[in-house]
Amino acid sequence: MIPWSFESGSTQLKIAIFVTLALGFGLFFALMKTPPRLRPKIAATFTFLAGLLYVGIWLWPTAHGREAGDIPANFTEGVAFWLEDTQSQFQNLSNILTSFLLLMGVFSLVRLHATRVSKKQRDWPFSLVLLICVAIMTFIGYWDWLTVMNMKPEELEAMRDVTNQPFAVWMKDLLFDGLLQTMEAAMFSIIAFYILSAAYRAFRVRSVEATILLASAIIVMLGLLGMAENYWSIMIDNMGGLEDPNALVNNLRLEAITQFIRDNLQTPGLRAIDFGVGVGALAMALRLWLSLERGGSTS
Amino acid sequence: MATPQKVPGSLNIPREALFAALFVVCSILVFVSIELPNRVSNNSADLYKVLKEIDKTKPVILQSDWTKSTRGESGAQFDALVRILIRERVKIALMSGADPQAPEVAREAIRRIAVETEKVTGQPYKQWEDWVFIGFFPGIEASLQSFSSNLRNALSANKDSDTAGVKRSVMESPVFAGVNRIEDMGAYIIVTASKTSRIAIERLSGKVTMLGLVTGVMGPETYNYYQSGQLSGLAIGLKGAYDMESMMAYGLNTPDGQGVIKVSNAKVTDPIEGYTGEEFINLANGQKYIVPLHGAIILLITAILLGNIETIRQRRRRNG
């Protein structure tokens, strides 16, 4: 059994949850009682230790070919085993913390809109609609989850036929697939209208740079059209490209031009930007890890 | 954006007219079912080759990070990919890391395609035995780092229902038989509409064969990783989906009954079979949506050209 992992619904799990909650609240309370000058130092210590684990994983020799139940042969291997095993616990911690962010988002959204409705601020009916939708979606989501969780395998199999679906599942399908997902797709597709309008008004030949950009954009767009690529190639074939594969005219094929733009102009440009961003991210990560940011404990 | 004032005799097209034109063009063309000629991109051909030559005894991890907002591209790509994997009887470990809606969308698609394939082959593709959902990982960075170190440890606590409806560790599923490390997987495939492919490449590249299926917007920056060899194959946008469907329907560099090669590629020159001769669905949403995409891009190019004609006319008027 993996440490800290217990069977669903077991007494051990319940005790573990209770102890963790008690410890969590205890720590929270202790932090609140800590003098304000000490708090940044505590945060910096935890940040450093968390970062140190990943630095250790990166730098410490890896235990290759490790099998389940292996016992470490020496200290180095012992640390390697420990680092490897600790990662899955950190993974769980990271997933739980990120899930709390989602919960905080929902809480913040509900608080904002509930205030707006209670004070009858501008456009409050829209806020009311949002709150009702959140409540219905949450209720139906959990109802569906509980219904499916308690179903026997043969009942699940029978659900392939939509007429056999329980009401909760049918409602979830209606709200999630029928409504939410469709509305999301519709919202996203609206961008196309703005792209068209913006392209018409802004993509103008105003300078040499703009002309180069416009020409390459049109070539790349044409390259997305299989039909254009195909007829362009037929034209090149008729110009002698088919008979001699090494003919110069073959370089004028639409796919050859788009490939050239992509490989020699677009990708190197993006790679340069990515490289710069990567170096910046590394510097930022170091500053965060060592708490060197302005307002950090060591500043 | 303010609409410019109409100059007498000018070509200034009102925004509403452009919107109406796009709406009409796309709405009509979505119902036009024609097979447009296509030239398969090198990156799509590589993707298809790797998928067809994958070791069928090893499972693949399929990270699905798309929702219905990009269903035109990602949905078509995902369907084509899952069709290939199920037909090849490759076991799938499904996961998500970007959007809480993504797992539901992906599971629904796999179930639908499993039923569709069973109708043709008669072989069921069952959850737990053939595919398993290994979880939604909101902290994807730490999770993938953990996958990279020790996959078995990373996933042991994650559960899915077995065929009897009992929740068990996903590592007990037949999908993961003989798998301990990420190196034991056949491939790591990521279908995404965001930057999650980059997170995966940074942590898993070099340990497992990686494949990407991304939206047109994410295409240029993900192409970097294909060019560097970190991604062994890549489908970009709707064109990528249509490429895959074309190769599934006619094979790659494979002559038909009359000796005609319908789909070929200059980079991947080996003949690779498609799924012809059976009642498989090959040309699907990729083919359906590529026609409106053609219409929309032609309209976009036309609008740009008209705008520039107007600019040149205005410049001439100003210069007398």
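Provided above is the structure to which this section pertains.
So, a few notes on the structure that sits alongside this text. Source: prediction; values computed, not measured. (Residues numbered from 1 in each chain as written. Chains lettered and ligands numbered in written order. Predicted model: local features only at pLDDT ≥ 70, side-chain atom pairs only at ≥ 80, totals over all residues. Heavy atoms only, no water.)

**Observations concerning unusual backbone geometry**
In this structure, Lys120(A) takes a positive phi of about 50 degrees despite not being glycine. Note on placement: Lys120(A) falls in the loop between α3 (75–118) and α4 (124–149). According to the relative accessible area criterion, Lys120(A) is exposed, its value standing at 57%. A positive phi is found at Trp128(B), a non-glycine position, where the angle reads about 80 degrees. Here Trp128(B) is to be found in the loop between α4 (102–121) and β3 (131–136). (Helix = DSSP H or I, 4+ residues; strand = E, 2+ residues; numbered from the N terminus. Buried < 20%, exposed > 50% of the residue type's maximum accessible area, 1.4 Å probe, protein only.)

**Concerning the interface of chain B and chain A**
With 72 residues of chain B at the contact, the number on the chain A side is 65 residues. Summed over both sides, the interface between chain B and chain A buries roughly 6200 Å², with carbon and sulfur atoms accounting for 58% of that surface. Among the residues of chain B in contact with chain A, Arg39(B), Asn224(B) and Ile304(B) are the three that bury the most area, contributing 10% of the side total. Inspection of the chain B/chain A interface yields four salt bridges. Residue Arg181(B) pairs with Glu84(A) through a salt bridge whose shortest N-O separation is 3.2 Å. The interface formed by chain B and chain A includes 29 residue pairs in polar contact (both at pLDDT 80 or more). Sorting the residues of the side of chain B that touches chain A by element identifies α1 (15–29), α2 (42–52), α4, α5 (140–149), α6 (151–155), α8 (219–227) and α10 (285–318) of chain B as the ones contributing at least two each. Top contributing element to the side of chain B that touches chain A by residue count: α10(B), with 15 residues. (Contact = heavy atoms within 4.5 Å. Buried area = accessible area lost by both parts, 1.4 Å probe. Salt bridge = Lys/Arg side-chain N within 4 Å of Asp/Glu carboxyl O. Polar contact = N/O pair within 3.5 Å; in protein donor to acceptor, adjacent residues only side chain to side chain.)

**Some thoughts on the environment of Leu175(A)**
Relative to the helices and strands, Leu175(A) resides in helix α6 (residues 167–202). Put simply, Leu175(A) and Tyr54(A) are 121 residues apart on the chain and 42 Å apart in space, counted from C-alpha to C-alpha.

**Examining the sheet that holds strand β1 (residues 60–65) of chain B**
Residues and elements named next belong to chain B. Judged by pairing direction, the sheet is parallel, and its six strands sit side by side in the order β3-β2-β1-β6-β7-β8 without closing on themselves. Strands at the two margins of the open sheet, each flanked by one partner only, are β3 and β8 (233–236). For this sheet the average axis-to-axis angle between neighbouring strands, irrespective of direction, equals 15 degrees. Bridge count between strand β6 (residues 187–192) and strand β7 (residues 210–214): five bridges; the pairing is parallel. Counterpart to Ile 190 in the pairing with β7 is Gly 212. Packing against the sheet, α8 makes contact with β7 and β8, and its axis sits at approximately 170 degrees to β8. (Pairing = 2+ DSSP bridges. Axes fitted to C-alpha atoms, helices over the stretch in contact; angles between N-to-C directions.)

**Things to note about empty space enclosed by the protein**
Residue and element names in this part refer to chain B. Within the structure shown, the criterion is met by one cavity of 30 Å³ or more. By volume, the largest cavity amounts to about 40 Å³. In terms of lining residues, the largest cavity is bounded by Ser 197, Arg 198, Met 218, Glu 221, Thr 222 and Tyr 225. At the level of secondary structure, the elements contributing two or more residues to the lining of the largest cavity comprise α7 (196–204) and α8. If one sorts the elements of the lining of the largest cavity by residue count, α8 sits on top with three residues. Here the lining of the largest cavity is built from residues that sort into two nonpolar, two polar and two charged. (1 Å grid on protein atoms, 1.4 Å probe; cavity = no way out; pocket = protein on both sides within 12 Å on 5 of 7 lines; lining within 4 Å. Points joined across faces, edges and corners; volume = space filled by probe spheres on them. Nonpolar A, V, L, I, M, F, W, Y, C, P; charged D, E, K, R; others polar.)

**Structural notes on the pattern of salt bridges**
Summed over the entire model, instances satisfying the criterion amount to 24 salt bridges over all chains. Between Lys49(B) and Glu53(B) there is a salt bridge whose closest N-O contact spans 3.8 Å. A single network of salt bridges, built from pairs that share partners, joins Lys172(A), Asp173(A), Glu104(B) and Arg107(B).

**Structural notes on a nonpolar patch on the surface**
Residue and element names in this part refer to chain A. A cluster of nonpolar side chains, namely Phe 48, Leu 49, Leu 52, Leu 286, Leu 290 and Leu 292, defines an oily patch on the protein surface of about 490 Å² accessible area. Per-element tally for the nonpolar patch: the top contributor is helix α2 (residues 39–59), with three residues. With respect to the secondary-structure elements, Leu 292 resides in the segment after α9 (254–289). (Patch = residues over 30% accessible without salt bridge, like charges linked within 9 Å, V, L, I, M, F, W, Y side chains within 5 Å. Areas by Shrake-Rupley, 256 points an atom, 1.4 Å probe, with all protein chains shown as cover.)

**Brief notes about the packing of α6(A) against α10(B)**
Between α6(A) and α10(B), whose axes approach to 7 Å, the crossing angle comes to 25 degrees. As the angle between them shows, α6(A) and α10(B) are arranged roughly parallel. The two elements α6(A) and α10(B) cross, and the hand of that crossing is right-handed. On α10(B), the residues touching Ile195(A), Leu196(A), Ala199(A) and Tyr200(A) of α6(A) are Leu299(B), Leu300(B), Ala303(B), Ile304(B), Leu306(B) and Gly307(B). In the contact of α6(A) with α10(B), the residues fall into nine nonpolar, one polar and no charged. (Parallel < 35°, antiparallel > 145°, perpendicular 65-115°, else oblique. Left-handed = near helix turned anticlockwise from the far one by under 90°.)

**As for the pairing of β1(B)**
Residue and element names in this part refer to chain B. A large share of β1 lies buried, amounting to six of its six residues. Burial along β1 is two-sided: the residues Val 60, Leu 62 and Ser 64 and Ile 61, Gln 63 and Asp 65 are all buried. Bridging between β1 and strand β2 (residues 92–96) involves four bridges; their strand directions are parallel. Bridge pairing links Ile 61 to Ala 93 in β2.

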